[in-house]
2 protein chains.
Amino acid sequence: MLATAKKQRDHGGGVDDAVARWGGTRGQWLDLSTGINPVAYPLPALTPADWADLPDRAAQEALVAAARDFWDVPEEAAVLAAPGASAIIARIPALAAKGAVDIPAPTYNEHAAAFAAQGWAVASEGVTARVLVHPNNPTGRLWDTADLNAPLTVIDESFCDVCPSRSLVAHAAQEGRIVLKSFGKFWGLAGARLGFAIGDPQLIARLADFTGPWAVSGPALRIGTAALRDEAWADETRARLTQDAARLDQMMCAKGAEAVGGTSLFRLYDVDDAAQWQDRLAQSHVWSRIFPYSKTYLRLGLPAPDRWDQLEAAL
Amino acid sequence: MLATAKKQRDHGGGVDDAVARWGGTRGQWLDLSTGINPVAYPLPALTPADWADLPDRAAQEALVAAARDFWDVPEEAAVLAAPGASAIIARIPALAAKGAVDIPAPTYNEHAAAFAAQGWAVASEGVTARVLVHPNNPTGRLWDTADLNAPLTVIDESFCDVCPSRSLVAHAAQEGRIVLKSFGKFWGLAGARLGFAIGDPQLIARLADFTGPWAVSGPALRIGTAALRDEAWADETRARLTQDAARLDQMMCAKGAEAVGGTSLFRLYDVDDAAQWQDRLAQSHVWSRIFPYSKTYLRLGLPAPDRWDQLEAAL
């Protein structure tokens, strides 16, 4: 968000670039380049005060209480709400003295970028910090308690709400642990900017100092609290995502792709030539995700219920 | 926003505490404890995509371009949008090696708290950083270019949109300079969380790294862009605030208070016993601001157009 166009790191999204290259209007494009649930949590009614007032402490506490219940957070762990998991990721490297951090690759690239920007080396040995994306993006790999073994261990559960039984949040309270939760992906409201850090109370208190008061907007407080209290919606959503992921696999495999990983929010395929697949899909205004480190990985999010035909036609 | 109730620093807002002590419902309370314009900028229509999608680069660039035009930002200065000025304030101390910072008191207390949390000493001599709140909160004091004299100089213009001719933004591009702008106060949308850092491109680039991508929500991008392009609303608002501030002074002075400073978003009064005034107003569900460092300062924001009667009755 820097005026002098800052080169953004490779990410999903960026449909405006695709529009510029292949034409069409934004609305014509089916954006499957992210892992955001295309059926968003229905927005509760917002009040003028949600927009006008400084977020109230009571509203902040209600959100944190809902988060504790939804994720079954151990009592000894602290919970911090922030304007997106990425806002927390950017500040985690400041929590410990610069050193070497292990970030098993391939994975979500903001972690390495944030550590590097603050003078850390990314390495696999002699490390004082470790970041585990759980399940991993894009592979879907899951981690175990035995992997939580660095003095500072960050467990990024941005995509874990589709498989809550695998969450490692029960181990969040231990010294040096931080579990990240994203609101935008599973609830399909990435534009609202809401995420959580759960963990070692001393680390979370320091993150809170970096974050400042009133980090989360009034609307996000209300929406997040309602969504995290709505277990029925979460259950239905998990079931629908599972079905839709299977449907996507079936369509892709029928065209010669091999499903090699992912979660029910995004699927990872191995194809002969990922750039060629991306180009072919883009000609039908379907935007996919490929990776600088692989010539054969193609990642697709799920189409909205009324947009499967467009994908079918593009394939 | 920490689960383990973190003691918040002394601030305006916090009407829920007043409700707990003096009764009434939140809606019955007239909150004059902040400097937020009570006539908010009218919300433009938001789209489902504003909430659902990761904020688009084009939308981010449109907001920054609107900010450049509105504040007449020198071309050499960089502009960063963030979820509230307070999110930036919390990170500024990390921009320079720890040292001593001059923060002329009394003033907004988040600056000193942020520097102290990151190991700085607050002092008036031998400093490597200086924070000038311009106009100052609560006194209304304005600063001059001669005051911009520390290696790191932060000019907090959170309340400067009522007196744009006094802005120091023309000097923002120089090495070590950062000018802060708040969206919540003048546009009356503090819950939306939007603020800006304008200044030395190297410092702003480092702040952007701390902030992460997609710092600002989709709705805040749309609302902020519309508001910053609406010069007519800003002009009308300045005129109304000036009138209302004069009306408030008149009412307060008739009751024995002396107007000693402020801006047209909040007024500072000298009274015989500020705590007693606050208590008396609170009994009529009017919430005011007093300060730990003064027994006689009482600060009042402006009532909404339909709530002046309640203040009149309370006085």
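Criteria and thresholds
- Residues numbered from 1 in each chain as written.
- Chains lettered and ligands numbered in written order.
- Predicted model: local features only at pLDDT ≥ 70, side-chain atom pairs only at ≥ 80, totals over all residues.
- Heavy atoms only, no water.
- Domains from an automatic or database assignment.
- Buried area = accessible area lost by both parts, 1.4 Å probe.
- Salt bridge = Lys/Arg side-chain N within 4 Å of Asp/Glu carboxyl O.
- Polar contact = N/O pair within 3.5 Å; in protein donor to acceptor, adjacent residues only side chain to side chain.
- Helix = DSSP H or I, 4+ residues; strand = E, 2+ residues; numbered from the N terminus.
- Nonpolar A, V, L, I, M, F, W, Y, C, P; charged D, E, K, R; others polar.
- Buried < 20%, exposed > 50% of the residue type's maximum accessible area, 1.4 Å probe, protein only.
- Contact = heavy atoms within 4.5 Å.
- Phe/Tyr/Trp six-rings, centres within 6.5 Å; stacked < 30°, edge-to-face > 60°.
- Lys NZ or Arg CZ within 6 Å of the ring centre and 35° of its normal.
- 1 Å grid on protein atoms, 1.4 Å probe; cavity = no way out; pocket = protein on both sides within 12 Å on 5 of 7 lines; lining within 4 Å.
- Points joined across faces, edges and corners; volume = space filled by probe spheres on them.
- Pairing = 2+ DSSP bridges.
- Axes fitted to C-alpha atoms, helices over the stretch in contact; angles between N-to-C directions.
- Core = buried A, V, L, I, M, F, W, Y, C linked by side-chain atoms within 4.5 Å.
- Least-squares fit on C-alpha atoms with pLDDT ≥ 70 in both.

To continue, consider the domain arrangement of chain A. A common way to state how big an interface is: give the accessible area lost once the parts meet. Residue and element names in this part refer to chain A. Structurally, chain A comprises domain 1 (15-40 + 232-314) and domain 2 (48-229). The straight-line distance from the C-alpha centre of domain 1 to that of domain 2 is 26 Å. Taken over both partners, the interface formed by domain 1 and domain 2 buries close to 1600 Å², and the fraction arising from carbon and sulfur atoms is 70%. By the criterion of area lost to domain 2, the three top residues of domain 1 are I36, R238 and F266, representing 29% of everything that side buries. For the pair domain 1 and domain 2, the interface holds zero salt bridges. Where domain 1 packs against domain 2, one counts five residue pairs in polar contact (both at pLDDT 80 or more). The set of elements that each furnish at least two residues to the side of domain 1 that touches domain 2 consists of α8 (231-254), β9 (258-262), β10 (266-270) and β13 (294-301). Among the elements that line the side of domain 1 that touches domain 2, the one with the most residues is α8, at five residues. Class assignment of the residues belonging to the side of domain 1 that touches domain 2 gives a composition of 12 nonpolar, seven polar and two charged.

Moving on, we come to helix α5 (residues 110-117) of chain A. All names here are of chain A. Those residues of α5 lying buried are E110, H111, A113, A114 and F115. Here the buried face of α5 lies against α4 (85-89), β3 (100-102), β5 (129-133), β6 (152-156) and β7 (177-182). With its phi angle positive at about 90°, G119 sits one or two positions after the end of α5.

For the rest of this paragraph, the subject is the packing of aromatic side chains. Applying the stated criterion to the full structure yields 29 aromatic pairs over all chains. Where F186 of chain B meets W233 of chain B, the ring centres are 5.9 Å apart and the plane angle is 80°; that geometry is what we call edge-to-face. Of this pair, F186 of chain B sits in the loop between β7 (177-182) and β8 (195-199) while W233 of chain B sits in helix α8 (residues 231-254), placing them 47 residues apart in sequence. An aromatic cluster of three or more residues is present, and its members are Y41, F70, W71, F183, F186, W187, F196 and W233 of chain A. Sitting above the plane of the W143 of chain A ring, R141 of chain A keeps its charged end 3.8 Å from the centroid.

All names here are of chain B. Take R267: it is sitting in strand β10 (residues 266-270). We classify R267 as buried; its relative accessible area is 14%. The spacing of R267 and P74 is 193 residues in sequence and 31 Å in space, taken between C-alpha atoms. In this structure, R267 is in contact with A245, L248, D249, G261, G262, L298, R299 and L300, ignoring residues within four places of it in sequence. Reaching out from R267, the side chain makes a polar contact with the side chain of D249 at a distance of 2.9 Å. For R267, the side chain forms a polar contact with the main-chain oxygen of T263, separated by 3.1 Å.

Attention now goes to empty space enclosed by the protein. Enumeration according to the criterion identifies four cavities of 30 Å³ or more in this entry. If you add up the space inside the largest cavity, you get close to 330 Å³. Looking at the largest cavity, it is lined by 27 residues, and the ones nearest its centre are L54 and W214 of chain A together with Y108, F159 and K185 of chain B. Among the elements that line the lining of the largest cavity, the one with the most residues is helix α4 (residues 85-89) of chain B, at three residues.

Sheets are built from strands paired through backbone hydrogen bonds, the pairs being either parallel or antiparallel. Residues and elements named next belong to chain A. The mixed open sheet is built from seven strands, whose spatial order is β2-β8-β7-β6-β5-β3-β4. Across the chains shown, the open sheet's two edge strands, defined by having one partner strand only, are β2 (78-82) and β4 (121-122). Note that β7 and strand β8 (residues 195-199) share five bridges and pair antiparallel. For K181, the partnering residue across the bridge sits in β8 and is F196. Along the sheet, helix α3 (residues 57-71) contacts β2, β7 and β8; its crossing angle with β2, the most-contacted strand, is approximately 120°. Together, β2, β6, β7 and β8 form the strand contacts of helix α6 (residues 201-211), whose direction differs from that of β2 by roughly 25°.

To continue, consider the nonpolar core. W187 of chain A together with W187 of chain B are the most contacted members of the largest nonpolar core, which totals 128 residues. Sequence-distant contacts of W187 of chain A, defined by excluding residues within four places in its chain, comprise A40, Y41, F70, W71, D161, S182, A227, L228 and W233 of chain A.

The subject of this paragraph is the pattern of salt bridges. According to the stated counting rule, one finds 24 salt bridges over all chains in the structure shown. The salt bridge partner of D56 of chain B is R26 of chain A, with a shortest N-O separation of 2.1 Å. Residue D56 of chain B is located in the loop between α2 (48-52) and α3 (57-71), and its partner R26 of chain A is located in the loop between α1 (15-22) and β1 (30-31); the two belong to separate chains. Look at D56 of chain B and you get buried, because its relative accessible area is 13%. A salt bridge links D102 of chain A to R130 of chain A, with the nearest nitrogen and oxygen atoms 2.7 Å apart. Here the residue D102 of chain A occupies a position in strand β3, and R130 of chain A occupies one in strand β5, the gap between them amounting to 28 residues.

In this section: the relation of the copies chain A and chain B. For the match of chain A to chain B, the screw axis carries a shift of 0.0 Å, the RMSD comes to 0.0 Å, and the turn is 180°. The two molecules are tied by a two-fold rotation axis, judged by turn and shift. When each C-alpha of chain A is compared by its distance to the rotation axis, P83 of chain A comes out closest, at 3.6 Å. Comparing interface residues between copies, 100% of those in chain A also lie at the interface in chain B; the contact surface is shared.

Counting from both sides, the interface comprises 61 residues of chain A and, opposite them, 63 residues of chain B. Both faces considered, chain A and chain B share a buried interface measuring about 5100 Å² in area, 58% of it formed by carbon and sulfur atoms. Summed over the shared surface of chain A and chain B, the result is six salt bridges. Viewed at the interface, chain B and chain A are joined by 24 residue pairs in polar contact (both at pLDDT 80 or more). Of all elements in the fold, only α1, α2 (48-52), α3, β2, α4, α5, α6 and α7 (218-228) of chain A reach the threshold of two or more residues within the side of chain A that touches chain B. A breakdown of the residues in the side of chain A that touches chain B according to their chemical character gives 36 nonpolar, 11 polar and 14 charged.

In this section: the sheet that holds strand β12 (residues 289-291) of chain A. All names here are of chain A. Read across the sheet, four strands follow the order β9-β10-β13-β12 without closing on themselves; strand pairing throughout is antiparallel. With one partner strand each, in any of the chains shown, β9 and β12 form the two edges of the open sheet. Looking at each pair of strands side by side, their axes are set apart by 35° on average, direction ignored. As judged from the three bridges shared by β12 and β13, these two strands associate in the antiparallel manner. Paired with R289 across the two strands is R299, which belongs to β13.

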